[in-house]
Structures are given as structure tokens and as C-alpha cells.
Amino acid sequence: MASIFKLGRDKGKKNACWYYQYIDHEGRKRVRKGFTDKSLTVQAAAKAEHDVRMRKTGLIDPQQEQLADRRKSAIREHLDEYRKSLRTKETTEKHAKLTLARVERVIEGCGFRTLGNIDADAVESFLADLREEEDLGHRTYNHYVQAVEGFCNWLVARKRLTHNPVIGIPRLNAETDVRHARRALSPEEFGKLVQAARDSGILVQCYGGETRARIYILSYMTGLRKGEIASLTRDSFSLDVEQPTLTVQAGASKHRRKDVLPLHPELVSLLREWIPTEGPLFPELARRKTWLMVKKDLELAGIPYETAAGIADFHAAGRHTHITELLRNGASLPEAKELARHQDVKMTMRYTHIGIDDQARALKRLPCQHIVSKSDFSGCQQPSAGGGNEESGNEETPDGVRGSVVSCQSVSEADSMEAAGIEPASCDPSVSAS
């Protein structure tokens, strides 16, 4: 039986509250504050004992009851713990702050106060209004959705919610609303960018022209991101081995994984002169506005920073150009994907800028030998009367790209029985890639 009593200091006071004590389903003593009315306190004690019996018989699930109580708890308490969780995860401080800021903005905008208030319709409605008011891009909108979903997934994983209440909010197609399209530089443009930096004679973001040129070259020849370049020290390089390599530690890598990359032979000779005896290769680079560096040097080189194809910021001039040139010069997609350290080849394709000129050069290398009917390709060059193939070989096209010019050979009636269309072209090492 529960006991009803007043505290010693309250005895003799008419308006003092009564307390009751009972044993819970785990055998622990519990003391609860009742009411100034003794009869109401007796009823509260009786209800508490009734609930204990229900829990002991399994008619009330203590865990479900605890979850129900959690739904009534203030969101702010959980956000503080989520902040700590983000900081202990393998993520950058910048990413953690941005994620939490997005979650807090949605929660505040929707007016959520407790976990039980979180609702998918309210979140979607708030983000729709925010998108209209601030002209949010599709990608930014999706980041907000992802941030809120991540917070709710954390609540479920920590058994603070039974399910994610915002799961299923549809994402927007980011490909139809690209706000910051980037373009790769051509090799000629990149060469002018480097030379303009060296000849500038001015400081940009506290770096002289030669230092800026070195940063651009390293970005182009390795495809490293700004933060990864900023983390490089003497210990990051292994130059005196058969295959020189560069190591990006997990703490600096975007996907939080240690990466080891091969180095271009020409870059190795440059690095022997660039690497300092101690400290980072480029001090304070992480704090600098590298996009502004590139913009200033492009202006000096007479190259537009932004065109119809997109902007040429630091990420574009270095990483985008690196990946594009890998593919232009014969690398396969899987090879480019590994060098770019992408999880999916689709991401590598987003960094690849193949224009109409690239397509035309590729088309010129399409073989037209072994054709069933030469009349279908009347524009192709015919062999000499002696049957030789004097017209074929490596010739230079008007655009300066060397390729293989193939003559269409006449096909005899007997040969046409064996031809089944166009055979695959053989790999000819004498033909240089564009």
C-alpha cells in the first residue's frame, strides 16, 4: 500500500502539499508530490499502484511508456546532444555547424517545441515558403531536407522516437536548377592562368604570384580539393620510390578516408623544390578565398571568369579541369573515378566537361573500314589502283589534333558474305589521343 504523508517542515500547515510513496515495478521506492487535498493525493497514489500492477503483468510496456514521455520532451535538449554527436563523428567542423544550423532553422520556422510536434507536412510547407521567399536552389532545398532527416534518424537510433516522422519528403531535381555551374579550363587557358599569376607582381589573398601558380599547378595535376591541399606537409609525399605518391590523411579528405595517389613525373621534379623542411606546403590556405585568387589571375590573363558554360573558380580550374583532361587524354571512366576518389562514376561524369569540339574529334576517329557497301560512304577516300592504302596513316587535322585517317576499301562479293557490319577498331599506340 502506498503511504500518504506531509514533510516534517509542512506539518500543521493547511495549504501544504501531501506526498505519497510507493514501490514501482522494478522494486524501487518512489516518492511523488501530491496535492493540498489529501483525498486527491490518495487517488493519485492508487493510480500509481494500479499502473505498477499493469506493468508487472505486461499490460503496460515500460519502454513504450518511456517513448511516450520522450515525445513530450523539449527539442532543445535533444539538439544540444545532437550537436555533441556531430562533433564526435568523422565530419568536418564546418559541415557539423552547417547541418545543425539548417536543422535549427527548420525547427524554429515550423514552431516545433517537443519531439511529438515534428511533422513532415509542416516541414515541407515551411521549406516551400522558404524556397519562394529566398529563391533557394534545388540543391540547397535538398540539403535542408537531408539535415532534418538526419536529425530524426539520430533520434530513432537513440530510441527517442519510434520512427522518423519526416521520412519521405520528396527531393527536388538538382540537375534542372544548377545555380553555380562550373566549367573546366582548356590546357591553353590554364597555361595562361599560371603565367599571369607569375607575371602579376602583386599579392592576392596574401600570396605572391609564384605561390599562386604553384597552388594552381598542384590542384590541376592532382585534382585535390582546397582543404586537402592546405593539409599537405613534407610527410604527405613519398618521392624517392619507384612510383612517387601523395597521401591525403583521413582528417583532411572529404570522405574521411586516407587516400594515396600517384604523382605525375613532371610534378615530382617540381615538388622537390617546393616542399619546405617543416610546416604546411601552403600556410593558411584553408582560410584564403581561392576563388578570388583565380578570378584576379584570369582577369590578368584576359580570360572571363564566368561564361555561358559556367564559372571558373578554384575548384573548377583545378579539379574539374584535372578530371576532364584525364578523360580527354585516354583515361577510362573507372580510372578517372579512382583518381578523383569518387564513390560513384556518375559523380565523375558531373566533373567532365566534353564540348562539341571534343565530340567532333572523337567522331573523326571513328573507323570506316570493313564497310559492307562502299556506296553508303561515297565521301570516304578510295585506295590506289595497286590496292595499297596510301591515304591512311597519321595526319594532322585542321585543329592540330593528330589522328588516324582511314580509307574505305572496296569489298568483294565474297568478302561481303563475311562482313557483319563494323568491326571494333584495334588499339593503335601510334595514334595520339586528343
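Structure: see above.
In short, a report on the structure. Note that the coordinates shown come from a computational prediction; the quantities given were computed from them, not determined experimentally.

1. Section: the overall build of the protein
Next, step 1: Along the protein, the regular secondary structure elements total 16 helices and ten strands.
Next, step 2: Of all 434 residues assigned to the protein, the portion counted as buried reaches 35%.
Next, step 3: Accessible area of the protein: about 26,000 Å², with a carbon and sulfur share of 50%.

2. Re the nonpolar core
Next, step 1: Counting 39 residues, the largest nonpolar core has Tyr216, Phe237 and Leu271 as the members making the most contacts within it.
Next, step 2: If you list the elements that add at least two residues to this core, you get helix 7 (187-200), helix 8 (209-222), helix 9 (226-230), strand 5 (245-248), helix 10 (265-274), helix 11 (290-301) and helix 12 (314-328).
Next, step 3: Per-element tally for this core: the top contributor is helix 8, with five residues.
Next, step 4: Among residues more than four places away in sequence, those in contact with leucine 271 are Leu218, Phe237, Leu239 and Leu263.

3. Considering the pattern of salt bridges
Next, step 1: Enumeration according to the criterion identifies 25 salt bridges in this entry.
Next, step 2: Two residues, aspartate 313 and arginine 182, come together in a salt bridge whose shortest N-O distance is 2.9 Å. One end of the pair, aspartate 313, is in the loop between strand 8 (310-311) and helix 12; the other, arginine 182, is in the loop between helix 6 (138-157) and helix 7, with 131 residues separating them in the sequence.
Next, step 3: Classification of aspartate 313 by relative accessible area gives buried; the value is 7%.
Next, step 4: Residues joined in a network through salt bridges with shared partners are Arg225, Glu228, Arg257, Asp259 and Arg341.

4. Quick word on unusual backbone geometry
Most of the time, phi is negative for any residue but glycine, and the peptide bond is trans.
Next, step 1: Positive phi values are uncommon outside glycine, yet lysine 159 reaches one of about 60 degrees.
Next, step 2: Mapped onto the secondary structure, lysine 159 falls in the loop between helix 6 and helix 7.
Next, step 3: By relative accessible area, which is 64% here, lysine 159 ends up exposed.
Next, step 4: Even without being a glycine, glutamine 205 presents a positive backbone phi close to 55 degrees.
Next, step 5: Counting through the fold element by element, glutamine 205 comes out in the loop between helix 7 and helix 8.

5. Details of the sheet that holds strand 4 (residues 237-238)
Next, step 1: Here we have three strands laid out as an open sheet, ordered 4-5-6, and antiparallel in their pairing. Of all the strands in the sheet, the pair left with one neighbour each is strand 4 and strand 6 (259-262).
Next, step 2: Pairing of strand 4 with strand 5, which is carried by two bridges, proceeds in the antiparallel orientation. Counterpart to serine 238 in the pairing with strand 5 is threonine 245.

6. A word on the sheet that holds strand 3 (residues 29-33)
Next, step 1: The strand order 1-2-3 describes an open sheet built from three strands, whose pairing is antiparallel. Only two strands of the sheet have a single neighbouring strand rather than two, namely strand 1 (3-5) and strand 3. When strand polarity is set aside, the average angle formed by the axes of neighbouring strands in this sheet is 25 degrees.
Next, step 2: Helix-sheet contacts for helix 1 (residues 38-56) involve strand 1 and strand 2 (19-23), and the interaxial angle to strand 2 is about 15 degrees.

7. Some words on the packing of helix 3 (residues 75-88) against helix 4 (residues 93-110)
Next, step 1: Packing of helix 3 against helix 4 leaves a shortest axis separation of 9 Å and a crossing angle of 165 degrees. On the basis of the axis angle, helix 3 is roughly antiparallel to helix 4. In the packing of helix 3 onto helix 4, the handedness of the crossing is right-handed. Side by side, helix 3 and helix 4 meet where Ile75, Arg76, Leu79, Tyr82, Arg83, Leu86 and Arg87 of the first sit next to Glu93, Ala96, Thr99, Leu100, Val103, Glu104 and Ile107 of the second.
Next, step 2: For the contact of helix 3 with helix 4, the class distribution of residues is eight nonpolar, one polar and five charged.

8. Some details on the pairing of strand 6
Next, step 1: Residue alternation in strand 6 divides its side chains into a buried set, Asp259 and Leu261, and an unburied set, Val260 and Pro262.
Next, step 2: Taken together, the four bridges between strand 5 and strand 6 define a ladder with antiparallel strand orientation. Following the sheet pairing, threonine 247 is matched in strand 6 by valine 260.

9. Thoughts on helix 5 (residues 120-134)
Next, step 1: The end-to-end C-alpha distance of helix 5 is 21 Å, a good match for the 21 Å that 15 residues give at a rise of 1.5 Å each.
Next, step 2: Among all positions of helix 5, only Ala120, Val123, Phe126, Leu127 and Leu130 are buried. Burial along helix 5 is one-sided: seen end-on, the buried residues are contained in an arc of 130 degrees. Facing away from the buried side of helix 5 by more than 90 degrees, the exposed set consists of Asp121, Glu132 and Glu133.
Next, step 3: Where helix 5 begins, the side chain of aspartate 119 points an oxygen toward the backbone nitrogen of aspartate 121, at a separation of 3.1 Å.
Next, step 4: With its phi angle positive at about 55 degrees, aspartate 135 sits one or two positions after the end of helix 5.

10. Observations regarding the packing of aromatic side chains
Next, step 1: Applying the stated criterion across every chain, the model contains six aromatic pairs.
Next, step 2: Aromatic side chains phenylalanine 5 and tyrosine 19 sit 6.2 Å apart centroid to centroid with 20 degrees between the ring planes, which places their arrangement in the stacked category. Within this pair, whereas phenylalanine 5 is found in strand 1, its partner tyrosine 19 is found in strand 2, the two being separated by 14 residues in sequence.
Next, step 3: Seen in terms of ring centroids, tyrosine 20 and tyrosine 22 are 6.1 Å apart; in terms of plane orientation they differ by 25 degrees. Their pairing is stacked. There is no split in this pair, since tyrosine 20 and tyrosine 22 are both buried.
Next, step 4: The ring of tyrosine 207 is capped by arginine 288, whose NZ or CZ atom sits 5.9 Å from the centre of that ring.
Next, step 5: Residue placement shows arginine 319 over the ring face of tyrosine 351; its charged tip is 5.4 Å from the ring centre.

Reading the values: rules and limits
Residues numbered from 1 in each chain as written. Predicted model: local features only at pLDDT ≥ 70, side-chain atom pairs only at ≥ 80, totals over all residues. Heavy atoms only, no water. Helix = DSSP H or I, 4+ residues; strand = E, 2+ residues; numbered from the N terminus. Buried < 20%, exposed > 50% of the residue type's maximum accessible area, 1.4 Å probe, protein only. Areas by Shrake-Rupley, 256 points an atom, 1.4 Å probe, with all protein chains shown as cover. Core = buried A, V, L, I, M, F, W, Y, C linked by side-chain atoms within 4.5 Å. Contact = heavy atoms within 4.5 Å. Salt bridge = Lys/Arg side-chain N within 4 Å of Asp/Glu carboxyl O. Pairing = 2+ DSSP bridges. Axes fitted to C-alpha atoms, helices over the stretch in contact; angles between N-to-C directions. Parallel < 35°, antiparallel > 145°, perpendicular 65-115°, else oblique. Left-handed = near helix turned anticlockwise from the far one by under 90°. Nonpolar A, V, L, I, M, F, W, Y, C, P; charged D, E, K, R; others polar. Expected span 1.5 Å × (residues − 1). Arc of directions from axis to C-beta. Polar contact = N/O pair within 3.5 Å; in protein donor to acceptor, adjacent residues only side chain to side chain. Phe/Tyr/Trp six-rings, centres within 6.5 Å; stacked < 30°, edge-to-face > 60°. Lys NZ or Arg CZ within 6 Å of the ring centre and 35° of its normal.

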